[in-house]
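Structural overview
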Amino acid sequence: MTITTRREAIALISGALVSASLGGPAFAQGAAKKGGTLRISAPANPSSLDPATGGAGSDHAFLFTMYDTLVEWEFETLKPRPGLAESWKFTDPTTLVLNIRAGVTFHDGTPLDAKAVKFNLDRNKSDPKSNIKADLLSVASVEVSGPLQVTLKLNTPDTALPGILSDRAGMMVSPTALKAADGGVVTRKPVGAGAYSFVSWADGEKIVVKRNEKYWKPNRPYPDGIEFSIIPELTTGARSVTAGQNDLIYQLPPRQKAIIERASSVKVVHGPTLYVFQIFLNWAKPPFDNVKVRQALNFAIDRESFVKAALAGLAEPAYMNLPKSHWAYDAEVAKLYPYDPAKARKLLAEAGFKEGTQIEIGGYSDQDSVQREEILIEQFRKAGMNVRFVNAPIAEASAAFFGPEKKGSGLLAAWTGRPDPSLTYSLMFTKDAYYNGGRAPVPPELEAAIRESRASEDIDIRRKAFATVQRLVMENAFVVPLAFQFELVAMNKKVQGYKPNLLGKPKYDDVWLES
Amino acid sequence: MARRSPVKVIGSRLLQALPVILLATFMVFALLKLVPGDIAVTLAGDNATDTRIAEIRSIYGLDRPFLVQYGAWLGKVAQGDLSQSLLTGENVATSIGRAFPNTLLIVVIAMVLALVTGIPMGVIAAVKPNGWVDKLVSLIASVGVAIPGFWLAMILVAEFSLKLNWLPATGAKSFSASPIEAIRYALLPGIAIAAYGMAEVARQLRGALLEVLSSQYVRTLHAKGLSMSRILWQHGLKNVSVNLLTIISLLVNRMLAATVVIEAVFAIPGLGSLIVRGAIQRDFPIVQGVVFTVVVVVIAVNLITDLLCAAIDPRIEQ
C-alpha cells in the first residue's frame, strides 16, 4: 500500500499504535500454526445466513467467515483492497470493470468466475427477496466481459461501489446452491467461497463452521473450525470466556473491561470503530425544525466528559460521522462544535426557545443506554435545556421514530457505519431516506455534495467531497454525534493474531490458537 | 353420586382445555400486534427504505388484517404445523423440540431438589412447632422465598464455576446424548430455581401437617397408643399428600416461568430464551409456538394432578 498524504500516514501510524498498545497481534509470540477450534461467544442469532436476505448488522460476524467479498478493506482505515476481485478499474465514470481472481471455487466446487459474479450481482440488484437492492441502485447492468471479468454499467457515476462490494452486496454465494435452494434463498444452507464452510446452525444456540481446505488465501485459515455459541446476555458471555468455555467474545460494553481484566486467563483488545452513538433529529417538527436549536444541542455536549463517564474512556469523541483514523476524516469540521454551554444558551435565545421548555427524545431501555441518558440530561440542563428521554426496547423505539408514527423529536441511538462513507450520508441525510426520521428536505447543495462524493475515484478528490458533505451536515446540525465506541474483544490468552477493525464487525483472518 | 369413568373425565377436561388454548394464544397474538415495533423493519435490514418495508409486509403477509393473520396461524396449528420463524426460517416445532428438553431438565432437577430438601424440612418443623428447629426452618424458608433467583444464580456461578471450577458457568448439553454431562450443566440453574421451591414446599407442608396433627382423629390415634413416628408417616403424610400434589403442580408452573430469567443468566437455549428472542424481534410465530407449548404443558400438569388427587382421596369430586 502506498501512503499518499500526510494525514493518511498519521492515520496509519495511530492505527499501528493502537495495536501496539494492545500488546496485539503483530507482536504475538511464536509462529502461527494450524489446528484447534475457535469457540466464540456471539451476542445475537443471525437474521439469515444469506447475505442478500439478512437484515442485522450483527450478521456480518458470521457471514464474513463463510463468504468472501469481491472487495476487502484495510483493517485500520477501511480503504478498499482486492478480495475476490484481484483488481478493478473505472474505465470511465459510469463503467466499472472487475477482474476476478483465477482458480477460486465455492465450497460446493462451483467455480467462482465471471458468470457466478454476474449471477450474484443480478440477484442482489433485482431479486424481490433481496434486501440490498438499494445498495446497487446505481448499477444499470452487469455484463460478462471475459471468463474472469465483469463490467458494471452504471446509470450514474458511483465510486462508492468498491466499498459497497466489500459488504453484503459483494458476498458471493454459490449459484448452484442458490438455484437448488427452496425459494432461491440460502438462509439456512449457506454456500460461499470464504475461509470456512457451513456445518450447522441451531437457532439461538450454535453455529458451526469448518475450515475450507481449498481456500484461496495461502495457509489460511489456521483453526480447524469455529463454533459460535449465541449468548445474548453479554455478562453471561463474558463469564463463559473467563470460565474457559469459550475463547473469545466481541462487542463487549466498555463497563465490562475492568471486570474481565480481573481474570488472569483473559486478555482484552480494543480499537476504534465507525460505530457512533448519536442523537438522530427530526428536523421536520419543532423544536428541531430550527437550525439554531439543533446547533445548541451540539454546543451543549461535553463530549470528552461523556466518553469518560458513559463509556469508561473507551471511545473517541465524535464531531461528525467519521472517526479520526478514517481516510475521509476532516479535522476542520471537527472544530465546529467545541463544548460551549454559553453559546448554546445564546443560540436558544436567538431561536426564541423558552428556557426550561421540555424536549422529548426517544431512547432505549437497557442499562447502558439509560446511563448515557443520565449524563446527557445533566449536560443539556447546564445549557438551559430540559430534555426528557422516553425509553422503549430497540425495535419499538426505532420503529416509532423512523416509521410512520414520527414519535419524539429525536432518538438517542447509534449508527453502525458503512464501508463507504457515502452510504452513511445518503442513508441519513437525503430527503426520503429511512433514517431521516422526518423525511424532511435537506439543502440541495448537500444532496449535490453527496452525489459528488461518488463521482470521482481519486481518493483525494473524494476526501474533499466528503469534507463538504460533513461540513454541510454539521453546519445544519442534522445530527448530534456523541462518541465512536471502541470495539472491545476479550479472549483467552491462547488466541493469537486477532486484529480489531474500523468497521467494528469482527473478522478472524489471521487468528490462530496456541496449543 | 356415581363416579364417572376416568376416560370420560379426561375427555371432558381436554374439551375444556381448547378454549383456554384459543384464548391464551389469541391474547398473546393481540399483545404482540399491539405493542409498537415491527418485524418488517428488522426484515428490511440495515439499509431499509419505506418502499422496501412495505414490500416486505406484503411478501410476508404482514399487511393482512389482524384476524386473518391469527386465523392463518391457527389453521396451520390445527394441521399440526407451528409454522416457521419469520426471521430465520427455522421450523418453530424444530426450535421448540430442541429447546424444551433443556428447560424440562432444569425444572425436573429443581423439583427433585425442592422436594428432597423441602419435605424433610416441613416435617421436622411441624413435629415440634415453635421449637428452635421450626424457627430455623421458617428462617430458611423466608430467605428462600425472598432471594431473587437470578441473584442466587450469579452467586452460584461466581463460587462454583469461576472460583472452584466444579460446574460449567454457561450453556446446556443434550440429555439424550450424554445424561451425566447434561445434568452437570443443568445443576446450577436447577439449584437457583429450587431455592424458592424448597421454601414453598417446606412452608406449605408444615402448615398442612400442623392442621392434620391437631385434628381429632390424630388425638384418637395417640389415645390408641400409636407411636409418633407411625402417626406422622402413615397417617399424617398420607393426609397431606393431596396438598403436596397441589403444591407440586403450582410449582411446575412457577418454575417454568422462572426459567425465562435463569436461562438468560446461564445462556441456556431453552424455551425461556426462545420466547424472549421471539418477543424482542417481534417474531410472532416463535412466541405463539412457545405460548402454545407452555399452555399445553400447564393444562396437562393440572389434569394429571387432579386425576392423582382424586385417586388418592376419593372424597374429591371429579
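For every chain, the first residue of its written sequence is number 1, and the numbers climb from 1 along that sequence. Chains carry letters and ligands carry numbers; both start at the beginning, A for chains and 1 for ligands, and go up in the order they are written. It should be noted that, the model being predicted, local features are given only for residues of pLDDT at least 70 and side-chain atom pairs only at 80 or more, the latter also being counted only at that level, while totals for whole chains, interfaces and linings use all residues. Derived side-chain values reflect all non-hydrogen atoms in the structure, with water molecules and hydrogen atoms excluded from consideration.

**Remarks on the interface of chain A and chain B**
The cut-off we apply is this: Note on definitions: a residue-residue contact is assigned when non-hydrogen atoms from the two residues lie within 4.5 Å. Here's the idea: put two parts together, see how much 1.4 Å probe accessible area each one loses, and the total over both is what we call buried area. The term salt bridge refers to a pairing of a side-chain nitrogen on Lys or Arg with a carboxyl oxygen on Asp or Glu at a separation within 4 Å. Whenever a nitrogen or oxygen atom comes within 3.5 Å of another N or O atom, the pair is scored as a polar contact, on the condition that within protein one atom can donate a hydrogen and the other can accept it, and that pairs from neighbouring residues in sequence are kept only if both atoms are in side chains. Strands are runs of DSSP state E lasting at least two residues, helices are runs of H or I lasting at least four, and both sets are numbered from the N terminus onward. When residue character is reported, Ala, Val, Leu, Ile, Met, Phe, Trp, Tyr, Cys and Pro are called nonpolar, Asp, Glu, Lys and Arg charged, and the others, Gly included, polar.
Listed as interface residues are 39 residues of chain A and, on the opposing side, 38 residues of chain B. With both chains or domains summed, chain A and chain B bury close to 3100 Å², and 48% of this area falls on carbon and sulfur atoms. At the junction of chain A with chain B, the criterion picks out five salt bridges. With its nearest N and O atoms 3.0 Å apart, the salt bridge here joins Glu205(A) to Arg98(B). Taken together, chain A and chain B are joined by 17 residue pairs in polar contact (both at pLDDT 80 or more). It is helix α6 (residues 234-242) of chain A that provides the largest number of residues to the side of chain A that touches chain B, a total of four residues. The residue makeup of the side of chain A that touches chain B, split by class, is 13 nonpolar, 14 polar and twelve charged.

**Here's the deal with the domain arrangement of chain B**
Think of interface size as the accessible area that goes away when the parts come together; that is how it is often given. Residues and elements named next belong to chain B. Filter applied, for reference: How far each domain reaches was decided by an automatic or database domain assignment.
Domain assignment breaks chain B into domain 1 (21-79) and domain 2 (93-312). Inter-centroid distance (C-alpha atoms) of domain 1 to domain 2 is 36 Å. The interface of domain 1 with domain 2 comprises 17 residues on the first partner and twelve residues on the second. Carbon and sulfur atoms supply 78% of the area that domain 1 and domain 2 bury against each other, a total of about 1300 Å² over both sides. The largest per-residue losses of area from domain 1 upon contact with domain 2 belong to Ile21, Leu32 and Trp73, which jointly make up 41% of the total buried on that side. Scanning the region where domain 1 abuts domain 2 turns up zero salt bridges. Where domain 1 touches domain 2, the interface holds two residue pairs in polar contact (both at pLDDT 80 or more). The set of elements that each furnish at least two residues to the side of domain 1 that touches domain 2 consists of α1 (6-34) and α4 (66-78). Each residue belonging to the side of domain 1 that touches domain 2 can be placed in one class, and the counts come to twelve nonpolar, three polar and two charged.

**Concerning empty space enclosed by the protein**
All names here are of chain A. The criterion, for reference: The pocket and cavity definitions rest on a 1 Å grid over protein atoms only: a 1.4 Å probe that fits but cannot leave marks a cavity, an open set with protein on both sides within 12 Å along at least five of seven lines marks a pocket, and residues lining either have an atom within 4 Å of a point. Grid points are joined across faces, edges and corners, and a volume is the space filled by probe spheres set on the points.
Counted by the stated rule, this structure contains six cavities of 30 Å³ or more. Quantified by volume, the largest cavity comes out at close to 200 Å³. Residue lining of the largest cavity: 16 residues in total, with Phe64, Asp68, Ala195, Tyr215 and Asp509 positioned closest to the centre. Considered class by class, the residues forming the lining of the largest cavity number eight nonpolar, two polar and six charged.

**Some details on the nonpolar core**
Selection rule: The criterion is simple. A nonpolar core is a set of buried Ala, Val, Leu, Ile, Met, Phe, Trp, Tyr and Cys residues joined through side-chain atoms within 4.5 Å. Only protein chains enter the accessibility calculation, which uses a 1.4 Å probe; a residue is then buried when its area is under 20% of its type maximum, exposed when over 50%, and partly exposed in between.
Ranked by internal contacts, the top residues of the largest apolar core, which has 177 residues, are Leu70(A), Leu152(A), Met385(A) and Tyr508(A). Setting aside residues no more than four positions away along its own chain, Met385(A) makes contact with Ala296(A), Leu297(A), Ala300(A), Leu348(A), Phe353(A), Ile359(A) and Phe380(A). One finds Ala126(B), Val157(B), Leu232(B) and Ile262(B) within the second-largest nonpolar core, a separate group that totals 45 residues.

**With respect to the sheet that holds strand β5 (residues 95-100) of chain A**
Residue and element names in this part refer to chain A. Applicable threshold: A pair of strands is labelled paired if DSSP reports no fewer than 2 bridges between them. An axis is simply a line fitted to the C-alpha atoms; with a helix, the fit covers only the stretch in contact. Between two such axes, the angle follows the N-to-C directions and lies from 0 to 180 degrees.
Spatially, β4-β5-β7-β6 is the arrangement adopted by the four strands of the open sheet, whose pairing is antiparallel. Since the sheet does not close on itself, it has two edges, and those belong to β4 (85-92) and β6 (139-146), each with one partner. Neighbour to neighbour, the strand axes of the sheet diverge by 20° on average, direction disregarded. Of the strand pairs in this sheet, β6 and strand β7 (residues 149-154) are connected by six bridges, and their pairing is antiparallel. Across the sheet, valine 142 pairs through a bridge with leucine 152, a residue of β7. The strands that helix α3 (residues 114-126) touches are β5, β6 and β7; relative to β6, the one it contacts most, it runs at about 170°.

**Quick word on unusual backbone geometry**
Residue and element names in this part refer to chain A. A cis geometry characterises the amide bond from arginine 220 onward to proline 221, with omega recorded as -15°. Counting through the fold element by element, proline 221 comes out in the loop between β9 (206-211) and β10 (225-230). In the segment running from proline 286 into proline 287, the intervening peptide bond is cis, with an omega of 0°. Inspection of the secondary structure assignment puts proline 287 in the loop between β12 (266-281) and α8 (291-300). For glutamine 251, which is not glycine, the phi dihedral falls at a positive 55°. Of note, glutamine 251 is situated in the loop between β11 (248-249) and α7 (256-261). Note on glutamine 251: relative accessible area 33%, which makes it partly exposed.

**Considerations on the packing of aromatic side chains**
All names here are of chain A. Here is the rule we go by: Only centres within 6.5 Å qualify two rings of Phe, Tyr or Trp (six-membered ring in Trp) as a pair; their planes then separate them into stacked at under 30 degrees, edge-to-face at over 60, and tilted for everything else. We count a charge as sitting over a ring when the NZ of a lysine or the CZ of an arginine lies within 6 Å of the ring centre and within 35 degrees of the ring normal.
Considering all chains together, one arrives at 25 aromatic pairs over all chains under this definition. Between phenylalanine 62 and phenylalanine 228, the aromatic rings sit 4.8 Å apart at their centres with planes inclined by 70°, giving edge-to-face as the arrangement. Here phenylalanine 62 is found in helix α2 (residues 60-66), whereas its partner phenylalanine 228 is found in strand β10, with 166 residues between them in sequence. Assigned by exposure class, phenylalanine 62 and phenylalanine 228 land together as buried. Aromatic ring contacts, followed pair by pair, group Phe280, Phe401, Phe402, Trp415, Tyr434 and Tyr435 into a single cluster. The ring of tryptophan 201 is capped by arginine 188, whose NZ or CZ atom sits 4.1 Å from the centre of that ring. The cationic tip of lysine 507 hangs over the ring face of tryptophan 73; the distance from NZ or CZ to the ring centre is 4.1 Å.

**Examining the UniProt feature "domain: ABC transmembrane type-1" (unreviewed entry) in chain B**
The following threshold applies: UniProt positions are given in the numbering used here, feature names are shortened, and annotations may be inferred rather than shown by experiment.
Per the UniProt record, "domain: ABC transmembrane type-1" (unreviewed entry) is found at residues 100-305 of chain B. Span residues 100-305 of chain B is 84% helix and 0% strand, its end C-alpha atoms 21 Å apart.

**A word on the domain arrangement of chain A**
Residue and element names in this part refer to chain A. Here the domain parsing of chain A yields domain 1 (68-180), domain 2 (196-271 + 488-513) and domain 3 (275-485). For domain 1 and domain 2, the distance between their C-alpha centroids amounts to 28 Å. Contacts between the two partners involve 14 residues from domain 1, matched on the other side by 14 residues from domain 2. Buried area between domain 1 and domain 2, both sides added, is near 1300 Å², and the carbon and sulfur share of it is 60%. Among the residues domain 1 hides against domain 2, the three largest losses belong to Trp73, Phe75 and His107. Together they make up 47% of the total.

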